[in-house]
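One letter stands for each residue in the lines below.
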Amino acid sequence: MLRYLTAGESHGRALVVILEGLPAGLQITVEEIQDEMARRRLGYGRGPRQRFEQDELTLIGGVRHGRTLGSPLAIEIKNSEWFRDDKWHEEMSPAPGATKDPLTKVRPGHADLVGMQKYGFTDARDVLERASARETAARVAAGAVAKKLLAELGTSVVSHVVQLGSARAQVGRRPTVGDLAIVDESPVRCFDPVAEAAMIEEVKEASKDGDSLGGVVEVLGYGVPVGLGSHVHWDRRIDAELARAVMSIQAVKGVEIGDGFEMAGQRGSVAHDAIVWDPNAGDAGDYRRETTHAGGTEGGITTGELLVVRAAMKPLATLNRPTLKTVDVVTKEPTVSFKERTDVTAVPAAGVVAETMVALVLATEALRKFGGDSVAEFTRNAAAFRATLP
Ligand code: EPS
């Protein structure tokens, strides 16, 4: 079983993530993790923070001479503003004290107000620093390691933006692993060049208005082994695990597996993926599905077909021109939410984070199914299962 925990506040000194349950012998370098983290900072419509954030990371434990030891892997990601610019030290100090400037004009759509109510805080910063999507940097660091483990099984995860604001991509041909560089080069991480132009235009317009945009990202899992997850209990269903993991990304409000919402309006006779026997099907034990409506899961178990998970992200609730009506929690007077530095959209980055969450679920379930204390044992077990698939 793979477990992971993140800690750290958005403007604190650093983020940390600990991954426990990795097999020994997995090759991993700081540079590989850093490359994944750099992908998350991409994207047209992001704010000034992304231009200076370096995501400088240190492997604190669990790796020796470029390979995992089977011990907990700990990664620290320094915040550039804290170390390079000597900022936030007083505001975010762990030492006893108080802020001179509490945030009390709580922002609608954020955790600000409910977080203050729940934890008994009088300053919204006590909530927003941890609620911030900065935390996803730590997840992506963990996800980079999960992706390396999945690569040992021939499994890879790719994402692309299929909608940004009202601009939608045509998803005639889906990007494969070989297309990932093309997707990453797109400023909005869109594989459809026509939609890409419309998306950029929409971000420009929203930016001019000081407004924000949401969208939809699609994550595709290639080479996913058959048999991850289980039908036997609700909390072992892989589609439920995927939904939970992807829904946990800040600002995600909807998750879809395969053609979930479209299938709801179809007849049963057309909505399902026909099963055919094909001696060349390979990983799925000589069976194939003719279509991908189910998104690669049946009965809460991966089928070995293309995994398709979509996430809908709401427009960011912090606006560069604050117009959202709220209340000052001290005076109870009507006001508009306080101004914070923000992005116009984080949808392109959300695709990379969604890839991460899918990779972490797949790696966790693959370890649960195949086990093994070393990568050699893990891959041997997986190969033995495949070789004897009924
Ligand atoms: C975020 C607000 C912005 C984003 C940040 C998430 O940060 P700041 O307030 O420091 O400008 O840039 O995202 C990241 C720092 C990141 O690495 O993704 C928020 O409120 O969630």
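Please refer to the structure higher up on the page.
The shown structure was predicted, so the numbers you read here are calculated from the model rather than taken from an experiment.

K.L.:
How would you sum up the packing of helix 1 (residues 30-40) against helix 12 (residues 347-370)? Please name residues and give values.
P.N.:
Orientation of helix 1 relative to helix 12, taken along the N-to-C sense of each, is 140 degrees, at an axis distance of 8 Å. The pairing of helix 1 with helix 12 is recorded here as oblique in orientation. Residues Glu36, Arg39 and Arg40 of helix 1 form the contact with helix 12, whose participating residues are Ala349, Val352, Val353 and Glu355. Taken together, the residues that form the contact of helix 1 with helix 12 break down as three nonpolar, no polar and four charged.

K.L.:
Break down the nonpolar core for me, citing the residues and quoting the values.
P.N.:
Inside soluble globular proteins, nonpolar side chains tend to come together where they are buried. Ile33, Ile75, Val145, Met199, Val309, Val358 and Leu362 are the most contacted members of the largest nonpolar core, which has 73 residues in total. Ranked by residue count, the leading element in this core is helix 12, at 14 residues. Judged by nonpolar contacts, the second largest core, of seven residues, contains Leu103, Val106, Met116 and Leu128.

K.L.:
Explain the sheet that holds strand 2 (residues 14-20) residue by residue, including any values.
P.N.:
Sheet strands line up and pair through hydrogen bonds in the backbone, either parallel or antiparallel. Taken in spatial order, the four strands make up an open sheet running 1-2-6-3, and their pairing is antiparallel. Among the strands making up the open sheet, the edge pair consists of strand 1 (3-7) and strand 3 (56-61). The mean angle between the axes of side-by-side strands here comes to 15 degrees, regardless of whether they run parallel or antiparallel. Here strand 2 runs beside strand 6 (residues 73-78); their pairing, made up of six bridges, is antiparallel. Looking across to strand 6, one finds that Leu15 is bridged to Ile77. Contacts from helix 1 reach strand 3 and strand 6, with the element oriented near 135 degrees to strand 3.

K.L.:
Outline unusual backbone geometry, listing residues and values.
P.N.:
Negative phi values dominate among residues other than glycine, just as trans dominates among peptide bonds. Positive phi values are uncommon outside glycine, yet Asp55 reaches one of about 50 degrees. Here Asp55 shows up in the loop between helix 2 (49-52) and strand 3. Judged by relative accessible area, Asp55 falls into the buried class, the value being 0%. You will see that Lys332, though not glycine, has its phi angle at about 65 degrees, which is positive. Of note, Lys332 is situated in the loop between strand 16 (325-327) and strand 17 (334-336). Residue class for Lys332 comes out exposed when judged on its relative accessible area of 60%.

K.L.:
Now, about empty space enclosed by the protein: what can you tell me, with residues and values included?
P.N.:
As enumerated under the stated definition, the model contains one cavity of 30 Å³ or more in all. Considered as a void within the structure, the largest cavity measures approximately 30 Å³ in volume. Residue lining of the largest cavity: Asp273, Arg289, Thr291, Thr292, Ala294, Gly296, Thr297, Glu298, Thr303 and Glu305, and that is the complete set. Among the residues forming the lining of the largest cavity, the class breakdown is one nonpolar, five polar and four charged.

K.L.:
Could you give an account of the layout of surface pockets, naming the residues involved and the relevant values?
P.N.:
As a volume, the largest pocket reaches approximately 1,000 Å³. As for the largest pocket, its lining consists of 41 residues, and the residues nearest its centre are His110, Ala131, Ser132, Ala133 and Arg134. Elements with a contribution of two residues or more to the lining of the largest pocket: helix 2, helix 5 (125-131), helix 6 (136-151), strand 10 (252-257) and helix 12.

K.L.:
Residues and numbers for the environment of Met357, please.
P.N.:
Looking at the secondary structure, you find Met357 in helix 12. Overall, Met357 belongs to the buried group, its relative accessible area being 3%. When the C-alpha positions of Met357 and Asp286 are compared, they lie 29 Å apart, and in sequence the two are 71 residues distant.

K.L.:
I'd like a description of the packing of aromatic side chains, backed by residues and values.
P.N.:
The tally for this structure, following the rule as stated, stands at three aromatic pairs. When the centroid spacing of 6.3 Å and the interplanar angle of 65 degrees are considered together, the rings of Phe370 and Phe378 count as edge-to-face. On the basis of relative accessibility, which here comes to 6%, the residue Phe370 falls in the buried class. Taken together, a centroid distance of 5.8 Å and an interplanar angle of 55 degrees make the contact between Phe370 and Phe385 tilted. With a gap of 15 residues between them, Phe370 in helix 12 and Phe385 in helix 13 (residues 375-387) connect regions that are remote in the sequence. On the basis of relative accessible area, Phe385 is assigned to the partly exposed category, the value being 25%.

Cut-off values and rules
Residues numbered from 1 in each chain as written. Predicted model: local features only at pLDDT ≥ 70, side-chain atom pairs only at ≥ 80, totals over all residues. Heavy atoms only, no water. Axes fitted to C-alpha atoms, helices over the stretch in contact; angles between N-to-C directions. Helix = DSSP H or I, 4+ residues; strand = E, 2+ residues; numbered from the N terminus. Parallel < 35°, antiparallel > 145°, perpendicular 65-115°, else oblique. Contact = heavy atoms within 4.5 Å. Nonpolar A, V, L, I, M, F, W, Y, C, P; charged D, E, K, R; others polar. Core = buried A, V, L, I, M, F, W, Y, C linked by side-chain atoms within 4.5 Å. Buried < 20%, exposed > 50% of the residue type's maximum accessible area, 1.4 Å probe, protein only. Pairing = 2+ DSSP bridges. 1 Å grid on protein atoms, 1.4 Å probe; cavity = no way out; pocket = protein on both sides within 12 Å on 5 of 7 lines; lining within 4 Å. Points joined across faces, edges and corners; volume = space filled by probe spheres on them. Phe/Tyr/Trp six-rings, centres within 6.5 Å; stacked < 30°, edge-to-face > 60°.

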